[in-house]
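Listed below, chain by chain, are the residues.
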Amino acid sequence: VKGLRMKPSAPSRSVRAGEIGLAVNMIFKNCMSERFDPDHLLSIDRNYLLIYLRGISYTPDYEVEVKCTECGNKFQTVINLDTMWVDHCPDDYTQDSLIDILPQSGLRFKYRLSTGRDESLILEHRERRVRQFGDNADDDTLLYRASLLVEWIESQTGQLLTGQAAIQTVLENLPIRDVAHIRNLLSEPPFGVDTDIKIDCPMCNNDFTATLPLEANF
């Protein structure tokens, strides 16, 4: 389970992220013609909407600063949001698509896709950890996220365990290979906007991939 622990982010960064979450919810509410709680939207749909609204509000050209992975130099580049690849949900995608088997232990489990509310809960958990234990405390955010999004998991005796506390206990004792499998499933949704951007460094001609940065000017 050590693969699900890391050093926490600074409190100031978490506070800024919380403020951004509230601002994004306000944007969604003001732009929706129907009443719908943005917290109930899937995270992948929220990302799509945010990028779409940014494109039609300001133009799809988004100027960002990136750092080359080869020479280490920083430079400005423009990303055309309209060119980002969108992988839509397949027609045959059902609840059964969210049932999987751990590669090492062979245990079955079912998970769900995160929503805006889940992201808020995860952020609140991280902030509580920082307030309680300080910057030097281990960050169990990934473990908490997994226990929140896994709906049930099979025990060694074949029993289906539910409830966040029981699921977290199982996760804490899984082999690292199984932990990595769950982490990858939760962090790499099966569809949505591909936020990996291919960039060419103008200084060393290095081609590299960077995740779309959501900076203040976004």
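For clarity, every value in this text was computed on a predicted model and none was experimentally measured. (Residues numbered from 1 in each chain as written. Predicted model: local features only at pLDDT ≥ 70, side-chain atom pairs only at ≥ 80, totals over all residues. Heavy atoms only, no water.)

Draft legend 1. View of the packing of aromatic side chains. Taken as a whole and judged by the stated rule, the model has five aromatic pairs. Seen in terms of ring centroids, Phe 75 and Phe 208 are 6.5 Å apart; in terms of plane orientation they differ by 85°. Their pairing is edge-to-face. Taken together, the residues span a long stretch of sequence, with Phe 75 in strand S2 (residues 74–80) and Phe 208 in strand S10 (residues 207–211) at a distance of 133 residues. Here Phe 75 matches Phe 208 in class, with each residue buried. Ring plane angle 35° and centroid distance 6.1 Å describe the contact between Phe 109 and Tyr 111, whose orientation is recorded as tilted. The same class applies to Phe 109 and to Tyr 111, which are both buried. Here the basic side chain of Arg 54 rests over the ring of Phe 218, its NZ or CZ set 5.8 Å away from the ring centre. (Phe/Tyr/Trp six-rings, centres within 6.5 Å; stacked < 30°, edge-to-face > 60°. Helix = DSSP H or I, 4+ residues; strand = E, 2+ residues; numbered from the N terminus. Buried < 20%, exposed > 50% of the residue type's maximum accessible area, 1.4 Å probe, protein only. Lys NZ or Arg CZ within 6 Å of the ring centre and 35° of its normal.)

Draft legend 2. Representation of the sheet that holds strand S6 (residues 150–154) in the model. In spatial order, the strands read S4-S5-S6-S7; together these four strands make up an open sheet with antiparallel pairing. Every interior strand has two partners, whereas the edge strands, strand S4 (99–101) and strand S7 (160–161), have only one. Across the face of the sheet, helix H4 (residues 141–149) comes into contact with strand S5 (108–111) and S6 while running at roughly 85° to S6. The strands touched by helix H5 (residues 164–172) within the sheet are S6 and S7, with S6 carrying the most contacts at an inclination of about 55°. (Pairing = 2+ DSSP bridges. Contact = heavy atoms within 4.5 Å. Axes fitted to C-alpha atoms, helices over the stretch in contact; angles between N-to-C directions.)

Draft legend 3. Local environment of the confidence of the model for the protein chain. Mean pLDDT for the protein chain: 87, with 91% of residues reaching 70 or above. Throughout residues 1–15 the model reports pLDDT below 50, and contacts reaching past four residues in sequence, or to other chains, amount to 39 contacts. (pLDDT = per-residue confidence, 0-100.)

Draft legend 4. Representation of the packing of helix H3 (residues 116–133) against H4. Running from N to C, H3 and H4 cross one another at 145°; their axes reach a closest spacing of 10 Å. Handedness of the crossing formed by H3 with H4: right-handed. Residues Asp 118, Glu 119, Leu 121, Ile 122, His 125 and Arg 126 of H3 lie in contact with H4, whose contacting residues are Thr 141, Tyr 144, Arg 145, Leu 148 and Leu 149. Among the residues forming the contact of H3 with H4, the class breakdown is five nonpolar, two polar and four charged. (Left-handed = near helix turned anticlockwise from the far one by under 90°. Nonpolar A, V, L, I, M, F, W, Y, C, P; charged D, E, K, R; others polar.)

Draft legend 5. Layout of a nonpolar patch on the surface. A surface patch of nonpolar side chains, amounting to about 310 Å² of accessible area, comprises Tyr 48, Tyr 52 and Ile 56. Within the secondary structure layout, Ile 56 lies in helix H2 (residues 43–58). What makes Ile 56 exposed here is its relative accessible area of 54%. (Patch = residues over 30% accessible without salt bridge, like charges linked within 9 Å, V, L, I, M, F, W, Y side chains within 5 Å. Areas by Shrake-Rupley, 256 points an atom, 1.4 Å probe, with all protein chains shown as cover. Salt bridge = Lys/Arg side-chain N within 4 Å of Asp/Glu carboxyl O.)

Draft legend 6. The pairing of S5, seen in detail. Of the strand pairs in this sheet, S4 and S5 are connected by three bridges, and their pairing is antiparallel. Pairing of Asp 100 across the sheet is with Phe 109, part of S5. The hairpin formed by S4 and S5 contains six residues between the paired strands, and Gly 106 there has a positive phi angle of roughly 75°. In this structure, S5 lies alongside S6, joined through three bridges in antiparallel fashion. Considered in S6, the bridge of Lys 110 is made with Trp 152.

Draft legend 7. Seen up close, the layout of surface pockets. When its volume is computed, the second largest pocket comes out at roughly 170 Å³. Looking at the second largest pocket, the residues that line it are Tyr 48, Ile 51, Tyr 52, Gly 55, Ile 56, Pro 60, Leu 81, Asp 82, Met 84, Val 86 and Val 193. It is H2 that contributes the most residues to the lining of the second largest pocket, five residues altogether. (1 Å grid on protein atoms, 1.4 Å probe; cavity = no way out; pocket = protein on both sides within 12 Å on 5 of 7 lines; lining within 4 Å. Points joined across faces, edges and corners; volume = space filled by probe spheres on them.)

Draft legend 8. Focus on the pattern of salt bridges. Taken as a whole and assessed by the stated rule, the structure comprises five salt bridges. The residue Asp 140 makes a salt bridge to Arg 129 at a minimum N-O spacing of 3.5 Å. Of the two residues, Asp 140 sits in the loop between H3 and H4 while Arg 129 sits in helix H3, which places them eleven residues apart along the sequence. Exposure class is identical for Asp 140 and Arg 129. Each is buried.

Draft legend 9. Inspection of the side chain of Arg 46 at higher detail. Within the element layout of this structure, Arg 46 appears in helix H2. What Arg 46 contacts, discounting residues up to four positions off in sequence, is Gly 21, Val 24, Asn 25, Phe 28, Pro 38, Asp 39, Leu 41 and Gly 116.

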